[in-house]
Amino acid sequence: MRFEITLTIALSAALLLSCGRETPVHLDGTLRYQMSVYYTDTTGTISPAIIPVQNAEVTLTAVSYSGADGNPLTYTQFTDSSGLAVFDQLAVGRYNVYVSKEIKTNTKTILITGSKTLVLPDSIQGVDSLRATPIEKSNLVINEIYFCGPENRNYYFYDQFVELYNNSDITVYLDGMYLCRAAQTHPTDLHERDYVQTLNLFRFPGEALTGREYPVAPGQFVVIAQDAVDHSQYIATAVDLSGADWEFYNPYGGDIDFPAPNVENFLPEKTNDFMINLTHNAVILSDGSDWYWGEINENDYQYIHIPISTIIDGVEYSSNPEKQKELNRRVDAGFAGVNIPKYSGMSTQRREPGFDTNNSSIDFVNLDHPTPGYQNE
Ligand SMILES: [Ca+2]
Ligand SMILES: [Ca+2]
Ligand SMILES: [Ca+2]
């Protein structure tokens, strides 16, 4: 009963003030509201599955009361180590709650958000809870893959390249990261696996996770050429990659080491350059923290496994959209490069720099010609 009276007074005061254009005054309350914030991981890459959100900003905005500046009265608290936020001295009324926390690492920006409406004192039944949702965004993305080869009749495709883009507002570091060509297999449990099967493993120099020698600024493009040379000197229609930032280099094969720094194969068992299929394949970028040997196929070829929890980005392309997926749909649910014929000189790129929904059918568009190191003409 006491609360109802207080509410009536508060609403009357608010009404009076809104009519009279006087400086609003809020009524001090005595209520305590406690809320526990958590999120659940559905990717299977984090355990345990229910995680308290620590040190998150929780904002309570009063619907019924305005502050001295005329804006709704707002209270802010941070959650403690168990995900609990405590508000004291609240007045009776309706509130909107908004939770937000941004976590930035070298490889990911994770925004954890959630909101709800509550009515005091009705919502005070022990500790209230709010399930927040993590939205994960890769800082670095694979922005373009030029895979089909230039227009030619000589089976020339050595001007292939992969372009990365820093899609975040922080400098990130390539140190120790892996770029891999995915295996072209169709296991029945593909989408349940917690790893991606690859054919090779090329590594940026430096120390994975902690290295700070190879920075990429916000908004910067990075081109990794199969071979960093002007290919138009061999095939007129091929791409000039003499200005590439990096090149794939395999010291265990017949690869030529051009002046650009190397993203290098370090497994003597693998002797090929970073050659990707001309119509259907996938490329993954991982943080470089883990890999392990996988199964050996009927041709005595041993696959490599990259844990999905270490993958920063992955893009599958397929000229034929009816083909079976070869990359786990948690990494990429679709296909880039649909309808690009081999030896057509076309390329596939994100529709905006860094545009990423983890579905390449949505994220990528085809280009008439490759754009190494830039987005537009
Ligand atoms: Ca090479
Ligand atoms: Ca080189
Ligand atoms: Ca480009």
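Residues numbered from 1 in each chain as written. Chains lettered and ligands numbered in written order. Predicted model: local features only at pLDDT ≥ 70, side-chain atom pairs only at ≥ 80, totals over all residues. Heavy atoms only, no water.

The name given to the chain in an unreviewed UniProt entry is DUF4876 domain-containing protein, with the source organism recorded as Caldithrix abyssi.

We now examine the coordination of the calcium ion (ligand 1). Six octahedral donors around a metal ideally sit at 90 or 180 degrees from one another, while four tetrahedral donors ideally sit at 109.5 degrees. Within the first shell, the calcium ion (ligand 1) binds the protein through Q226 (O), D227 (OD), F248 (O), D255 (OD), D255 (OD), D273 (OD) and D273 (OD), at distances of 2.3 to 2.9 Å. All donors of the calcium ion (ligand 1) belong to a single chain; written as a sequence motif, their spacing is Q-D-x20-F-x6-D-x17-D. Here the two residues F248 and D255 agree in accessibility, since each one is buried. (Donors = N, O, S within 2.8 Å, 3.2 Å for Na, K, Ca; no water. Buried < 20%, exposed > 50% of the residue type's maximum accessible area, 1.4 Å probe, protein only.)

So, on to the packing of aromatic side chains. On inspection of all chains with the given rule, the structure shows 17 aromatic pairs. Seen in terms of ring centroids, F202 and F248 are 5.5 Å apart; in terms of plane orientation they differ by 85°. Their pairing is edge-to-face. Note that F202 is positioned in strand β14 (residues 202-203) and F248 in strand β17 (residues 246-249), a separation of 46 residues in sequence. Ring centres 5.3 Å apart and planes at 80° place the aromatic pair W291 and W293 in the edge-to-face group. Take W291: its relative accessible area is 22%, and that puts it in the partly exposed class. Among the residues examined, W293 registers a relative accessible area of 31% and is labelled partly exposed. Through a chain of ring-to-ring contacts, three or more aromatic side chains come together here, namely Y156, F157, Y158 and Y234. We note R203 situated over the ring of F266; from NZ or CZ to the ring centre the distance is 3.9 Å. (Phe/Tyr/Trp six-rings, centres within 6.5 Å; stacked < 30°, edge-to-face > 60°. Helix = DSSP H or I, 4+ residues; strand = E, 2+ residues; numbered from the N terminus. Lys NZ or Arg CZ within 6 Å of the ring centre and 35° of its normal.)

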